[in-house]
Each structure stands twice: as structure tokens, then as C-alpha cells.
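A closer look at the structure
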Amino acid sequence: MALPVRSAPFVVPAGSTGVILAIDYGQKRLGLALSDEHRVTSRPYATWTRINRRRDLARLRELARQQGVRRIVVGLPLHLDGTPSEMSEEARGFAARVQKALGLPVELTEERLSSWEAGQTLTARKSGTRAGRAASGQAGRARKTPLDDVAAAIILRDYLDRTNPRPGTRD
């Protein structure tokens, strides 16, 4: 009789706990996502409409305080070939302002295709409800949902996958 295979427990390295806030930076909106305390999961948090630089930073400071954020990850928009995009410098400047204003470590992380993947994710989720709406004549009236918080969650998921060692993997 074969014994069931058990996976090794997930071990969080010392010093790498605490909530991470991911930001999908945009000129009009900020997409926000949070990790759990052990930095294993990522979940969309909110999409904020930008107000002005000072107010946006104050809102982020309050969110970080309320949620116990220990690190911030800002998506760095790059072209598909890896070269900087028009928004890359803006995102870099934003990340520097966030670090200075909040006093927390801020990292930039590549975010290619995160908005596209967010759109695909929402489309897949909604596809089950469209069949029901089509029968009732409401298929064409679905409102457009901002994807920014889902894109931030994807940015955070990818960051966590890159930075968290998994049992049985080699670095």
C-alpha cells in the first residue's frame, strides 16, 4: 500500500512577513491590491480615482497604517520588448514620492500584460452570467468595470511568485 504524498509546509523566511501593497499606477486611477500577512496570497483591494498628488499620498499613508503595510510594490509599465514605455518615468517618480512620503520600502516591478490579463480574468468571470442576461435582453447593457485593482492583484501575485521561495524549488 502506497502512502499518500504530503507536500512540505510553506516556510516563510524570517523577516519576510507583513502585508504588501501593490499599486497599478495610472494618470487617472490607482489600482490597489494587498497580500496576506505571510505574503502568500494577493487580493484586489480598491480602485481609487486620483485627486491630486498630496491627497493621493495622504490616502495611501492612511491605508498603509490601517492595513499594516510593510512594503509597497509599484507596477513598472514596459513595452512588450522590455523597453521603457511613456509611463515608465511617471511610475518611477510616483514610486519615489510614495517612498519618501510613507517611509516604507518601495519596489518597482515589471507589469507587462497585467491589464490585459485582468480583462481576460473579468471576462471569464462574467461569461457565466452573460448567458442568463442574453435570455432576458440585458446582454448589451453591462457597465464597464475598472480593471485597475485586479491588475494590481496580478502584479502582486507575480511579485510574490518571484520573491517567495517555494518548498522543493531551487533558486
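Residues numbered from 1 in each chain as written. Predicted model: local features only at pLDDT ≥ 70, side-chain atom pairs only at ≥ 80, totals over all residues. Heavy atoms only, no water.

**Here we look at the sheet that holds strand 4 (residues 69–76)**
Strand order in the open sheet made by the five strands is 3-2-1-4-5, with mixed pairing throughout. Of all strands in the sheet, those bounded by a partner on one side alone are strand 3 (42–49) and strand 5 (106–110). On average, each strand axis in the sheet is tilted by 25 degrees relative to the strand beside it, whichever way the strands run. Note that strand 1 (residues 19–25) and strand 4 share five bridges and pair parallel. Bridge assignment links Ala-22 to a residue of strand 4, and that residue is Val-73. Taken strand by strand, helix 1 (residues 53–67) contacts strand 1, strand 2 (29–35), strand 3 and strand 4, and its axis lies near 150 degrees from that of strand 3. Most of the contacts of helix 2 (residues 88–102) go to strand 4, to which it runs at about 170 degrees, and overall it touches strand 1, strand 2, strand 4 and strand 5. (Pairing = 2+ DSSP bridges. Helix = DSSP H or I, 4+ residues; strand = E, 2+ residues; numbered from the N terminus. Axes fitted to C-alpha atoms, helices over the stretch in contact; angles between N-to-C directions. Contact = heavy atoms within 4.5 Å.)

**Description of the confidence of the model for the protein chain**
This prediction gives the protein chain a mean pLDDT of 79; 67% of its residues lie at or above 70. Low pLDDT, under 50, characterises residues 1–14; the predicted model gives this stretch 11 contacts beyond four residues in sequence or across chains. Note that pLDDT drops below 50 for residues 131–143; the model gives that stretch five contacts with residues more than four away or on any other chain. (pLDDT = per-residue confidence, 0-100.)

**Some points on the pattern of salt bridges**
All told, the structure shown has six salt bridges when counted by the stated rule. Of the charged contacts, one joins Asp-148 and Arg-29 as a salt bridge, the two residues approaching to 2.6 Å between their closest N and O atoms. Remark: Arg-29 occurs in strand 2 and Asp-148 occurs in helix 4 (residues 148–163); sequence separation between them is 119 residues. As a salt-bridge pair, Glu-62 and Arg-65 come within 2.4 Å of each other at their nearest N and O atoms. Of this pair, Glu-62 and Arg-65 both sit in helix 1, separated by three residues, roughly a single helical turn. Take Arg-65: its relative accessible area is 58%, and that puts it in the exposed class. (Salt bridge = Lys/Arg side-chain N within 4 Å of Asp/Glu carboxyl O. Buried < 20%, exposed > 50% of the residue type's maximum accessible area, 1.4 Å probe, protein only.)

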